[in-house]
Amino acid sequence: MKQEVSNYGRFWVAFRQLTLHADPEECRREFVRQYTAGRTDSLREMHRGEYDALCAGIEGMVNDIKELKLRRSTVLKLLQELEVDTTDWMQINDFCRHPRIAGKEFGRLSIDELTDLAKKLRSIKRKGWVRRSSWPTPPPAKHHIAYLINLTGSPGFKNN
């Protein structure tokens, strides 16, 4: 059988952009098996239609990941503007879990939910919302200075 695909650049460009949590070689084989219905695990033995479908599928995954990152970044920026500490995931998740905000943890929000959340946050910001702290502010700390005097002549004390 004549090899139908001779340039695998499209596949490798998209494949390298994926975040993989396993051996890349095994992931590649599994993708090929999936798109050839188990017929082969080699890119060279794929038919043109199978190869094109595989590349389109991986490119779609990459684009979804890029879109998700963009939406998350937008929402985090808006949360910063609303004085939510975006370095503390507990605060972000507590804010997002509120039923009137998103009703879910930040990491579980889909692209559509993040888009809706961004609209809500812009509306809240536009209306002049100021974040109230749920904890009362503690009184300023009083500083006490203590002096230690060593009169025993033990080590650490130099007699001149």
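Here goes a summary of the coordinates provided. Here the structure is a predicted model, which is why all the values come from computation and not from measurement.

Conventions adopted
- Residues numbered from 1 in each chain as written.
- Predicted model: local features only at pLDDT ≥ 70, side-chain atom pairs only at ≥ 80, totals over all residues.
- Heavy atoms only, no water.
- Core = buried A, V, L, I, M, F, W, Y, C linked by side-chain atoms within 4.5 Å.
- Buried < 20%, exposed > 50% of the residue type's maximum accessible area, 1.4 Å probe, protein only.
- Helix = DSSP H or I, 4+ residues; strand = E, 2+ residues; numbered from the N terminus.
- Contact = heavy atoms within 4.5 Å.
- Expected span 1.5 Å × (residues − 1).
- Arc of directions from axis to C-beta.

This brings us to the nonpolar core. Grouped together as the largest cluster of nonpolar side chains are 16 residues, with contacts concentrated most on Phe11, Phe15, Leu43, Tyr51, Leu54 and Ile58. Contributions of two or more residues to this core are made by helix H1 (9–16), helix H2 (24–35) and helix H3 (48–81). With 5 residues, H3 is the largest single contributor of residues to this core. Leaving out residues up to four positions away in the same chain, Tyr51 has contacts with Val5, Asn7, Tyr8, Gly9, Arg10, Phe11, Leu43 and Met46. Leu79, Phe95, Cys96 and Leu121 belong to the second-largest nonpolar core, a separate cluster that totals 15 residues.

With 12 residues, H2 extends 17 Å between its outermost C-alpha atoms, agreeing within 8% with the 16 Å of an ideal straight helix rising 1.5 Å per residue. The complete set of buried residues in H2 reads Cys27, Arg28, Phe31 and Val32. Seen along its axis, H2 keeps its buried residues to an arc of 135°; they face one direction. Of the surrounding secondary structure, the elements contacted by the buried residues of H2 are H1 and H3. Two residues or fewer after H2 comes Ala37, characterised by a positive phi angle close to 55°.

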